[in-house]
Amino acid sequence: MSNLTIVSAPGKVLLTGGYLILDRKYNGIVVGTSARFYTVIFSGNNGKISVHSPQFIDGEWEYRPSLKSFYNDEGFFSCELESTNPERHNSFVEIAIKYSLLIISRRKNEQQFKEIVTKGLEIYIVGDNDFYSQREQLRKLNLPLTLSSLKSLEPFCKVHCTLKKVNKTGLGSSAALITSLVSALFVHFEIVSNKINEITNNDRKLIHNIAQFCHCLAQGKVGSGFDVSAAVWGSHIYKRFSPNILENVMDQNVDISILNNIVDPASSKWDNQVTSFSLPHGFKLILADIDAGSHTPSMVGKVLKWRKENSDQANTLWDTLTSHNTTVSNNLRELTKNHEQDEELYLNAIKICESVKASEWALLAEQNPNNNNVTLFSSTFNTFQKIRELLREMSELSRVPIEPPKQTKLLDACNEIPGIIMAGVPGAGGYDAIFCIGLGNTFSSQIEKLWNSWEEMSVGPLLSRESSKGYMIEQINNIPGLSECLNL
């Protein structure tokens, strides 16, 4: 096994900005997850590009690369892919490999590129267990739906079904997959840095631009892009790129010279904004998968239709929402600064609040006038409650279940647990997931106990926590279970 390359990319949770981030006027807080997708690449010996996704029963794809030289003012050549089994098709994998290689061919010495491609490539792609519901696995093992049961499963668990039938948990698996695959190819061909701690911002911009194109093309539309952005940069405050950057190249037959110029980090067209962010010290994110799915594209379509037909009403609501979203992000960033400037005072504030319900923090703020952190904790909780009220109002006006009554009841119960500062439905909302953020270390066990005893819906905890890191170059010995899963 020569020239081994491993790159991972995280999943996502959109804390604020659901629906709003479709419009460049607004932004949102997106956090990366500890659940990651991994792409492993090494040199083949049969001249083919073989792709393996061992978690699925249909996770095998094979392509025969065809190198064609052609000459124009720039002297480029082309690399086309031919599937050896056209009936077995995965557009996300195929598009990511095809366009990555075409763009790499414009940036790599022709002889070096041909030497690598003509040998062939072996590519393995796996995702952490949290990307897929493990309910069926636990049922077969007669294990309860608990964190300890999930921890007992082998890493990169086989889901024993096809890709089309797998139940996902909403962490952005397709975006994480494409980003890990694109970045691994660019690392393997040394177009971007292949050193673990030397990934530059320009590297990330290039990977972001290509992954956004591939993800949009595979989905058949230009989305908000926050999931790919999280996979590239990890946690941040996100403002989307203008859709027209990619709308004119959403074509399988796009001119690669034009595409290569568009994805270039030096291109002035890209206007997305990535503002540094991570949850403050002592804040812990926990997630749950609800066994009652939502169809996000149809929900988004209905909300946008309502907004178009009721623009004055919708824009007023969205402007109010973004004001509260901004308050939350400003509070959280100020808390991070406060921890850096006076750690003792900050930790004392957590100690004061972690064993008390957030609805009572306003009184604690009055009793501790010299500790502004307590005031910020209380403000963040109360402001997020207002955000939830506005989302419920938008649910009612648009007739879309963004925070359905069953979720409201569960989230209100979560807020009764001491230390919980935020509890909500991530992203577009619906029935399929919730998140909670708490202070300190005492709330987690109480939340899991609440979820285990909840009877109105089946609430399954996930192992994922926040990870502020974006795509990363990895070493196989540092990833438990990876070499065993891939039989390497």
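Residues numbered from 1 in each chain as written. Predicted model: local features only at pLDDT ≥ 70, side-chain atom pairs only at ≥ 80, totals over all residues. Heavy atoms only, no water.

Draft legend 1. Region of interest: the overall build of the protein. The secondary structure content of the protein amounts to 17 helices and 13 strands. Seen along its three principal axes, the alpha-carbon backbone of the protein occupies a region of about 75 × 55 × 45 Å. Within the protein, the fraction of its 488 residues that count as buried is 58%. The long-range share in the protein, meaning contacts at least 24 apart out of those at least 6 apart in sequence, stands at 77%. Here the protein carries 47 positive and 52 negative side-chain charges, and the mean point of each set is 2 Å from the other. (Helix = DSSP H or I, 4+ residues; strand = E, 2+ residues; numbered from the N terminus. Buried < 20%, exposed > 50% of the residue type's maximum accessible area, 1.4 Å probe, protein only. Contact = heavy atoms within 4.5 Å. Lys, Arg positive; Asp, Glu negative; His and termini not counted. Charge placed at Lys NZ, Arg CZ, Asp CG, Glu CD.)

Draft legend 2. Region of interest: the domain arrangement of the protein. The assigned domain composition of the protein is domain 1 (4-277 + 469-486) and domain 2 (283-462). Centre-to-centre separation of domain 1 and domain 2, based on C-alpha positions: 30 Å. Residue-level contacts link 27 residues of domain 1 with 38 residues of domain 2. Buried surface at the junction of domain 1 and domain 2, both sides included, amounts to about 2,700 Å², of which 65% is carbon and sulfur. Considering only the surface of domain 1 that becomes buried against domain 2, Leu15, Tyr19 and Arg135 emerge as the three largest contributors, covering 27% of it. Applying the counting rule to domain 1 against domain 2 returns three salt bridges. Close ionic contact of Asp23 with Arg307 constitutes a salt bridge, the shortest N to O distance being 3.0 Å. Applying the counting criterion to the domain 1 and domain 2 interface returns eight residue pairs in polar contact (both at pLDDT 80 or more). Grouping the constituent residues of the side of domain 1 that touches domain 2 by class yields 15 nonpolar, eight polar and four charged. (Domains from an automatic or database assignment. Buried area = accessible area lost by both parts, 1.4 Å probe. Salt bridge = Lys/Arg side-chain N within 4 Å of Asp/Glu carboxyl O. Polar contact = N/O pair within 3.5 Å; in protein donor to acceptor, adjacent residues only side chain to side chain. Nonpolar A, V, L, I, M, F, W, Y, C, P; charged D, E, K, R; others polar.)

Draft legend 3. The arrangement of helix α1 (residues 91-107) in detail. Spanning 17 residues, α1 covers 24 Å between terminal C-alpha atoms, matching the ideal 24 Å at 1.5 Å per step. Burial analysis of α1 places 13 of its 17 residues in the buried class, the great majority of the element. Here α1 starts with a cap whose side-chain oxygen sits 3.0 Å from the backbone nitrogen of Phe92, and that cap is Asn90. (Expected span 1.5 Å × (residues − 1).)

Draft legend 4. Highlighting the side chain of Thr16. You can see Thr16 is positioned in the loop between β1 (5-14) and β2 (28-43). Those residues in contact with Thr16 that sit more than four places away from it in its chain are Gly28, Ile29, Asn325, Phe384 and Ile387.

Draft legend 5. A look at unusual backbone geometry. One non-glycine residue with positive phi stands out, namely Phe156, at about 55 degrees. Counting through the fold element by element, Phe156 comes out in the loop between α4 (147-152) and α5 (173-188).

Draft legend 6. View of the packing of aromatic side chains. Summed over the entire model, instances satisfying the criterion amount to 14 aromatic pairs. In this structure, Arg204 packs its charged tip against the face of Tyr471, placed 4.8 Å from the ring centre. Of note, Arg240 hangs over the ring of Phe241, and the distance from its end group to the ring centre comes to 5.1 Å. (Phe/Tyr/Trp six-rings, centres within 6.5 Å; stacked < 30°, edge-to-face > 60°. Lys NZ or Arg CZ within 6 Å of the ring centre and 35° of its normal.)

Draft legend 7. Broad picture of the pairing of strand β3 (residues 49-52). Side chains Ile49 and Val51 of β3 all project onto a buried face; the interleaved residues Ser50 and His52 project onto the opposite face, where all are buried too. Of the strand pairs in this sheet, β3 and strand β6 (residues 121-127) are connected by four bridges, and their pairing is parallel. Counterpart to Ser50 in the pairing with β6 is Glu122. (Pairing = 2+ DSSP bridges.)

Draft legend 8. Spotlight on the UniProt feature "domain: GHMP kinase N-terminal" (unreviewed entry) in the protein. Per the UniProt annotation, the sites labelled "domain: GHMP kinase N-terminal" (unreviewed entry) are residues 167-234. Strand forms 0% of residues 167-234 and helix 63%; the C-alpha atoms that close the span are 24 Å apart. (UniProt positions renumbered as here; feature names shortened; annotations may be inferred.)

Draft legend 9. Local environment of the nonpolar core. Among the nonpolar cores identified, the biggest contains 128 residues, and Ile97 and Phe377 are the most heavily contacted of them. With ten residues, α5 is the largest single contributor of residues to this core. Mapping this core onto the domain boundaries places at least three of its residues in each of domain 1 (4-277 + 469-486) and domain 2 (283-462). Once residues lying within four places of it in the same chain are set aside, the contact partners of Phe377 are Phe283, Leu335, Tyr346, Ala349, Ile350, Cys353, Trp361, Ile421 and Leu439. Within the second largest apolar cluster, 20 residues are counted, among which are Ile420, Val425, Ile434 and Trp451. (Core = buried A, V, L, I, M, F, W, Y, C linked by side-chain atoms within 4.5 Å.)

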